[in-house]
Amino acid sequence: MAQPGLPIEALPAWALLNGITFPHVKVANIEGKGFGVVSDGDLKPDVPLMAVPNSLVLNVQAVDEYAKEDKNFKQLLDAVGHHSARRDILLFLLVQLVLASKAHQAPVGVSNPWTEYIKFLPKTVLVPTLWTEDERLLLRGTSLESAVNAKMTALTAEFDAVREAASSLPSWNDVLWPYEDGNSSASLRSWILLDALYRSRVLELPKSGESMVPCIDMINHSTSASAYYDENTKDEVILLPRPDSKISSGEEVTISYGDAKPAAEMLFSYGFIDPESTVESLVLPLEPFEDDPLAKAKLFAFKDMPKVHVAHDKGSSAVSWNSPFAYLMCVNEEDGLDFRVLQDSEGGRQLRVFWREEDVTDRIGDFESLIQSHEVPTLIKLRVVTVVQERLQQQLERAQSFADLSALPIGDVDLLRDECRQAASLLRSIETGLLEVVIEDLEKERRMLLADENVVAYLGSMETAESDLVGEEASNEPEDFS
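Treat the numbers as computed from the prediction; the structure is a model and nothing was measured.

Which parts of the structure should I look at to understand the packing of aromatic side chains?
Given two aromatic rings, their pairing is described by the distance between the two centres and the angle made by the two planes. Scanning the entire structure with this criterion turns up 14 aromatic pairs. Seen in terms of ring centroids, Tyr-257 and Tyr-270 are 4.7 Å apart; in terms of plane orientation they differ by 45 degrees. Their pairing is tilted. With Tyr-257 in the loop between strand S9 (252-255) and helix H10 (263-270) and Tyr-270 in helix H10, this residue pair connects regions lying 13 residues apart in the sequence. Residues Tyr-257 and Tyr-270 agree in their burial class; the two are buried. A centroid spacing of 6.2 Å and a plane angle of 35 degrees characterise the contact between Tyr-270 and Phe-272, whose relative ring orientation is tilted. Joined through ring pairs, the aromatic side chains of Trp-14, Trp-114, Tyr-117 and Phe-120 make up one cluster. Its end group placed over the ring of Phe-268, Arg-199 keeps NZ or CZ at 4.6 Å from the ring centre. The positively charged end of Arg-356 is found above the aromatic ring belonging to Trp-355, 5.7 Å away from the centroid.

What follows is the structure, given as structure tokens:
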């Protein structure tokens, strides 16, 4: 289904009809950014630039209210919704997309302001889930490679689940799903687009929580934002100039999408990277040792996704890394780790984690502190630092190996959009530089730990024990009298 559209020039009339006021700003085309908001005169502090009625705010509560007005939608929501706020909102938007389509003729669905507003939203977003397959190959060797693949798999599975659950509803089945002539009302791409619109436009409101807010979602990001959003006593969402900002006539009004979001997250959620951000960070998945007999138990008990998080503050030059699972990876039975299956008070069986005879199941992510009770905690820290350093080195080498387009199995390079190439190249550059800095810092830490007197003594005792074992094995060999 082709997404219906309305010219941005029609937005003021829609806003006026629905009670949105923005007398001091206007929506305009911003070069290189698409639509944005600019001042329509010299702005004064504490004077709201925009006010949006609470009735237009789209969140899970609004979806529930809509379901009360439309019994057909309630039937659909009960069949496939109530899994998360995001999924309920996407389902609502999918219905509005169908209602807004000229091809829509079915007697289901109740139109509301969002039925028209969705026509103002872009037909695509530069988030990687909407890149072509060849464009997504540009992300190989970056932290987004596995994240985007996982997201695409999850979106496909989610859409299939929604479609299967809704297929039992005759009133919606013929409306939502493809016709024999291929003129589909809704498709997987529609679902992926709506997810992209949600991720790139959702706001965290102080009272209403995660919400989409019409018109305010047209405002672009800046590290040095000139405005911010809030909710007033009437539960309106308002846009206010920052106290220290001076916005001249014709100047773009911006907000912050997050002061410390890493490049990968910005690209994943919003489709661009803020090069002015002072904090660089990335998250990488971490696999347990293949030969670890306790690997499955560790993964089951840890519950969360094993990962390594590294960061570099360019302003202070501070380097940091964090990986709770790496500490769990590096301890075993000989260190004092034990897993036991115990029966609970209700007769069920639970896997419990013990560290040096203490039940630490509820502290599974705190082994960085727990190892302090080990005879040589610096030895375990050395293992962890080595594991993290090797994981980062592996990622760095992979990133470098795909830096050249010729190393990627891309069909036609000329079909790649410049925006995607530039974003992927910038992400790779940022992450490669970050990895090099953190690896160097970890090498310094590893050398310090190797020089620790307790580590030296332990490693020396291990070498002595191994030498004695070799000598003992040699003494047991039969003498050669030939």
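Is there a simple way to think about the sheet that holds strand S7 (residues 227-231) in this case?
What links the strands of a sheet is backbone hydrogen bonding, and the strands pair in either a parallel or an antiparallel sense. If you walk across this open sheet you meet the three strands as S3-S8-S7, and the pairing is antiparallel. Strand pairing shows two members of the sheet lacking a second neighbour, strand S3 (50-52) and S7, which therefore form its edges. The mean inter-strand angle of the sheet, taken between neighbouring strand axes irrespective of direction, is 20 degrees. In this structure, S3 lies alongside strand S8 (residues 237-241), joined through three bridges in antiparallel fashion. Bridge pairing in S8 places Ala-51 opposite Ile-238.

Looking at this structure, I do not really get the environment of Ala-424. What am I missing?
You can see Ala-424 is positioned in helix H15 (residues 418-450). For Ala-424 and Leu-267, which are 157 residues apart along the polypeptide, the C-alpha to C-alpha distance reads 8.8 Å. If we ignore the near neighbours within four places in the chain, the residues touching Ala-424 are Trp-131, Leu-138 and Leu-139.

What is the right way to read the side chain of Ser-269 from this model?
Its place among the elements puts Ser-269 in helix H10. Setting aside residues no more than four positions away along its own chain, Ser-269 makes contact with Val-127, Arg-199 and Ser-200.

Would you explain the environment of Leu-282 in this entry?
Topologically, Leu-282 is positioned in strand S10 (residues 279-285). A relative accessible area of 2% means that Leu-282 is categorised as buried. Spatially, the C-alpha atoms of Leu-282 and Tyr-66 are 39 Å apart, while their sequence positions differ by 216 residues. Leu-282 has contacts with Ser-143, Val-308, His-309, Val-310, Glu-431, Leu-434 and Leu-435, leaving out every residue within four places of it along the chain.

Got a minute to help me understand the nonpolar core in this structure?
Nonpolar side chains in soluble globular proteins tend to end up buried together. If you look at the biggest cluster of nonpolar residues, it comprises 97 residues, and the most contacted ones within it are Phe-73 and Leu-76. With 11 residues, the single largest contributor to this core is helix H4 (residues 85-100). The contacts of Leu-76, once residues within four sequence positions are left out, are Gly-81, Leu-91, Val-95, Ala-166, Leu-169, Trp-172 and Leu-176. Counting 43 residues, the second largest nonpolar core, distinct from the first, contains Trp-321, Leu-382, Val-387 and Leu-396.

Just checking my understanding: could you explain the pairing of S9 for this structure?
In the case of a regular strand, side chains alternate between the two sheet surfaces. Burial along S9 is two-sided: Glu-252 and Thr-254 and Val-253 and Ile-255, pointing in opposite directions, are all buried. With two bridges connecting them, strand S2 (residues 34-39) and S9 associate as antiparallel partners. Of the residues in S9, the one forming a bridge with Val-38 is Glu-252. Pairing of strand S6 (residues 220-221) with S9 involves two bridges; the strand directions are parallel. Bridge assignment links Asn-220 to a residue of S9, and that residue is Thr-254.

Criteria and cut-off values
- Residues numbered from 1 in each chain as written.
- Predicted model: local features only at pLDDT ≥ 70, side-chain atom pairs only at ≥ 80, totals over all residues.
- Heavy atoms only, no water.
- Phe/Tyr/Trp six-rings, centres within 6.5 Å; stacked < 30°, edge-to-face > 60°.
- Helix = DSSP H or I, 4+ residues; strand = E, 2+ residues; numbered from the N terminus.
- Buried < 20%, exposed > 50% of the residue type's maximum accessible area, 1.4 Å probe, protein only.
- Lys NZ or Arg CZ within 6 Å of the ring centre and 35° of its normal.
- Pairing = 2+ DSSP bridges.
- Axes fitted to C-alpha atoms, helices over the stretch in contact; angles between N-to-C directions.
- Contact = heavy atoms within 4.5 Å.
- Core = buried A, V, L, I, M, F, W, Y, C linked by side-chain atoms within 4.5 Å.

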